Amino acid sequence: MKQSTRIVSLCAMASLFIPAGFAKTAATDSLVNNYMRSSIYTILLNSKAQNARYEKEANESANADALMSIAKSFAGTDAKKAANSDGNSIFSAPAELFPTIEIPNQFNDHNLTDRILDFDALRANVTDEEKDKYNPKTKNQKAGAMAKGLAGGMMGAAAGKEESSMLKVDEVDEYMPAVLHKYFAANNTAANLLAKWYNYDASNAASHWNLDLVTERGNYNFTAEDLAQAAQDVSKRAKIENTAFNMINNTYVVALNLRFRSYQAVVAEAAAMAKAAGSMFGGIGSLAATAAGSIASAAAGDGYTVQAVSHLYKLKWNEDLNQKFAVDMFEKNASIDDLIASGMCELEFVGKEKASANVRQSLFSDKPMRDLVKRATTRAIDAAIAKLQAKNEVFRTVMPIIGGDGNGTIYAAIGTKEGLNEKDEYEILEAQEDENGKISYKSVGSVKPVKGKIWNNVYGAEEEAAENAAKAEAKNKDFDDSAVSLGHSEFKGKKGDFTGYYLRLKKKK
């Protein structure tokens, strides 16, 4: 028999109401931060050859003069705007900045030691047969759908929108699946992800594994008494182990390739592909070309864009594997070599997406160019993760409801960073725990974001709002300054008290 479960520390807060512009307190921080998150390991495949290709592309475009201006700024000739730069090419900046980018709040940081992989070196060991095996060609694609998608992708990419697609298929795209497959296998990535969950310590002969990380990440689900008794009480330990299963089953790897590209080169690419589309599909191509040209003229002030290509993998885990690990590895104090030899740890491919974000040139901001690149890089990565969640239900995270009025209005600390818009539909979830401590979620209703009440929480939002206030003529028309200070988004739908419940994306439009 299942019973509802709530965040233990919040049981006394059933009538909590958080007004507009909610203030952060210990209580609201607990609501926002204490819940069972998915865990994520982010890695970057960096290609120096690719960076050089895009630098050459920019130099050959009509934007070469602007490139030189920004490059000088980045290298230090303008001390105010180039502070903290190291003189390296701006095309390598996203890769250099990647380790400093924080994991999104909806995930636990499950990073392993290796974060940046040398794509060029790895690709050198991938055969064409392996490339084709792990990157099969799409079959039975309808011409009409392809044309419409191409046109939409061109216009989006030309606009530099965060949700846009890229256009050209790069060599990295073709080899990335095979490179990742071979890297994961050679480095036992899946086994190391599991080992991290159990704090594997080869030097501790008495006990290689422990439950410290599991209890740390899931302790809101345990009372202090549960934790104290777990070592002696089988039922209490079973509860913790089942919490481990719930969390381990939501462990992911997001592999990224980042591209710093000239905006005008992207637009030229769009026009070329539009012409090709026109020859294949008639009017769609010429329409896209016209739109791309208009967008290029309208956004001439934005010179560069960071594009993020993402591949998503999930750690394969189920009850049988969980039990096998507990008996054969944990209880027997097996080594990680035994875990690898067992073959129980695997990563499975889930999906891939593309997204981008513009770099606002330094004439719009007094911030160093490196900071502007970091802003765009972080936003592109966040947008790629949001698109992966929209397209792949298994990757969708739950987010706590932080309050409401009981009359159909509720609040959650998510916003544009998570891809939220007024057309989305979210389901209200009640967390349920069975007699063995397994957590499941029951859908009890749905809500939609309220237009004009969606929090603008993209990375660097407060700084950009301040820049817009100082230089209104350079304002990004797609950026909502007024929504930066909201602190949460408002949803409208089913009436009731849903404190302690959760939201999860149901439909993306």
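Residues numbered from 1 in each chain as written. Predicted model: local features only at pLDDT ≥ 70, side-chain atom pairs only at ≥ 80, totals over all residues. Heavy atoms only, no water.

## Some details on the overall build of the protein
Stated precisely, the cut-off is as follows: For the purposes of this entry, the term helix denotes a DSSP run of H or I that reaches at least four residues, the term strand denotes a run of E that reaches at least two, and both are numbered from the N terminus. We call two residues contacting when some pair of their heavy atoms lies within 4.5 Å. Working definition of accessibility: Shrake-Rupley area with a 1.4 Å probe, residue cover restricted to the visible protein chains.
Helix and strand counts for the protein stand at 18 helices and 13 strands. Restricting to contacts in the protein with at least 6 residues of sequence separation, those with at least 24 account for 81%. As presented, the protein carries roughly 22800 Å² of accessible surface, and 51% of it is formed by carbon and sulfur atoms.

## Observations regarding the environment of Thr215
Its place among the elements puts Thr215 in helix H10 (residues 212-218). Along the sequence, Thr215 and Glu241 sit 26 residues apart, while their C-alpha atoms lie 9.1 Å from each other. Excluding anything up to four places from it in sequence, Thr215 contacts Phe222, Leu227 and Ile240.

## Quick word on the environment of Ser39
Structurally, the position occupied by Ser39 is in strand E2 (residues 38-46). Sequence spacing of Ser39 and Tyr252 is 213 residues, and the spatial spacing of their C-alpha atoms is 6.2 Å.

## A short note on helix H9 (residues 189-197)
Operational definition: Here's how the labels work: a residue is buried when its accessible area is under 20% of the maximum for its type, exposed when over 50%, partly exposed in between, all with a 1.4 Å probe on protein chains only.
In terms of residue burial, H9 counts as a mostly covered element, since 7 of its 9 residues are buried. Along H9, the residues that are buried comprise Thr189, Ala190, Ala191, Leu193, Leu194, Ala195 and Trp197.

## What to know about the packing of aromatic side chains
The geometry of two aromatic rings is summed up by the distance between their centres and the angle between their planes. Applied cut-off: Stacked, tilted and edge-to-face are the three classes applied to pairs of Phe, Tyr and Trp rings, where Trp contributes its six-membered ring and a pair requires centres within 6.5 Å; stacked means planes under 30 degrees apart, edge-to-face means over 60, and tilted covers the rest.
A complete count under the given rule lists 14 aromatic pairs for this structure. Look at Phe184 and Tyr313: their rings are 5.0 Å apart centre to centre, the planes differ by 80°, and that puts the pair in the edge-to-face class. Of this pair, Phe184 sits in helix H8 (residues 171-186) while Tyr313 sits in strand E6 (residues 304-315), and the two are 129 residues apart along the sequence. Using a relative accessible area of 7% as the deciding quantity, one classes Tyr313 as buried.

## Notes on helix H15 (residues 319-330)
Keep this limit in mind: Directions from the helix axis toward the C-beta atoms define the arc. Pairs of N or O atoms are called polar contacts if they sit within 3.5 Å, as long as, within protein, a hydrogen donor faces a hydrogen acceptor (for residues adjacent in sequence, only side-chain-to-side-chain pairs).
Among all positions of H15, only Leu321, Asn322, Phe325, Ala326, Met329 and Phe330 are buried. Along H15, the residues classed as buried sweep out an arc of 140° about the axis, all on the same side. Residues of H15 that are exposed and point over 90 degrees away from its buried face: Glu319 and Asp320. A distance of 3.1 Å separates the backbone nitrogen of Asp320 from a side-chain oxygen at the start of H15, and that oxygen is part of Asn318.

## A few points about the pattern of salt bridges
Selection rule: One speaks of a salt bridge when a side-chain nitrogen belonging to Lys or Arg is within 4 Å of a carboxyl oxygen belonging to Asp or Glu.
Considering all chains together, one arrives at 19 salt bridges under this definition. Across the pair Glu57 and Arg261 runs a salt bridge whose closest N-O atoms are separated by 2.6 Å. Of this pair, Glu57 sits in helix H2 (residues 48-60) while Arg261 sits in strand E5 (residues 251-262), placing them 204 residues apart in sequence. Both residues of the pair, Glu57 and Arg261, belong to the buried class. When the shortest N-O distance is used, the salt bridge between Glu171 and Arg123 registers 3.2 Å. Taken together, the positions of Glu171 in helix H8 and Arg123 in helix H5 (residues 119-123) put the pair 48 residues apart, joining distant regions of the chain.

## A closer look at the pairing of strand E13 (residues 502-507)
For clarity, the threshold we go by: The pairing criterion is simple: DSSP has to find at least two bridges between the two strands.
As judged from the 2 bridges shared by strand E8 (residues 399-404) and E13, these two strands associate in the antiparallel manner. For Met399, the partnering residue across the bridge sits in E13 and is Leu503. In the sheet, strand E10 (residues 425-433) pairs with E13 via 5 bridges, with the strands oriented antiparallel. Directly across from Tyr426, in E13, lies its bridge partner Leu505.

## Side note on the confidence of the model for the protein
For clarity, the cut-off: Confidence scores per residue from the predictor, reported as pLDDT, run from 0 to 100.
Residue-level pLDDT values for the protein average 78, and 71% of them are 70 or greater. The model gives residues 1-16 a pLDDT under 50, and that stretch makes 44 contacts with residues more than four places away or in other chains.

## Let's talk about the nonpolar core
The criterion, for reference: Among buried residues, the Ala, Val, Leu, Ile, Met, Phe, Trp, Tyr and Cys ones that are joined through side-chain atoms within 4.5 Å form a nonpolar core.
Ranked by size, the top nonpolar core spans 51 residues in total, and within it Tyr198, Phe325 and Leu339 carry the most contacts. Counting residues per element, this core draws most heavily on H8, which supplies 8 residues. Beyond its immediate sequence surroundings of up to four residues, Phe325 is in contact with Leu194, Tyr198, Trp209, Trp317, Phe330, Leu339 and Met344. Ile40, Ala58, Ile101 and Val359 belong to the second largest nonpolar core, which has 36 residues in total.

## Focus: unusual backbone geometry
Even without a glycine there, the phi angle at Asn188 is positive, about 50°. On the secondary structure map, Asn188 appears in the loop between H8 and H9. Here the phi dihedral of Asn333 falls at roughly 55°; this positive angle occurs in a residue that is not glycine. Relative to the elements of secondary structure, Asn333 occurs in the loop between H15 and helix H16 (336-342).

## Remarks on the side chain of Glu490
Rule in force here: Residues scored as positive are Lys and Arg, those scored as negative are Asp and Glu, and His as well as the terminal groups of each chain are ignored.
Following the sequence through the fold, Glu490 ends up in strand E12 (residues 489-493). No salt bridge is formed by the buried Glu490, whose closest oppositely charged neighbour, Lys453, lies at an N-O distance of 4.8 Å. Leave out the neighbours within four places in its chain, and Glu490 touches Thr409, Ile410, Tyr411, Lys448, Pro449, Val450 and Lys453.

## Structural notes on the environment of Ala265
Tracing the chain through its elements places Ala265 in helix H13 (residues 263-281). Note: C-alpha distance between Ala265 and Tyr304 (39 residues apart in sequence) is 9.2 Å.

## Some points on the side chain of Asn358
Within the secondary structure, Asn358 sits in strand E7 (residues 347-359). Engagement of the side chain of Asn358 in a polar contact is seen with the side chain of Thr305, the distance being 3.4 Å.

## A few points about the pairing of strand E9 (residues 409-412)
Alternating residues of E9 divide into Thr409 and Tyr411 and Ile410 and Ala412, and every residue in both groups is buried. Direction of pairing for E8 relative to E9: antiparallel, over a ladder of 3 bridges. Paired with Ile401 across the two strands is Ala412, which belongs to E9. Here E8 folds back onto E9 in antiparallel fashion, the turn holding 4 residues, of which Gly406 has a positive phi close to 75°. Pairing geometry for E9 and E12, over 4 bridges, is antiparallel. Counted as the bridge partner of Ile410 is Phe491 from E12.

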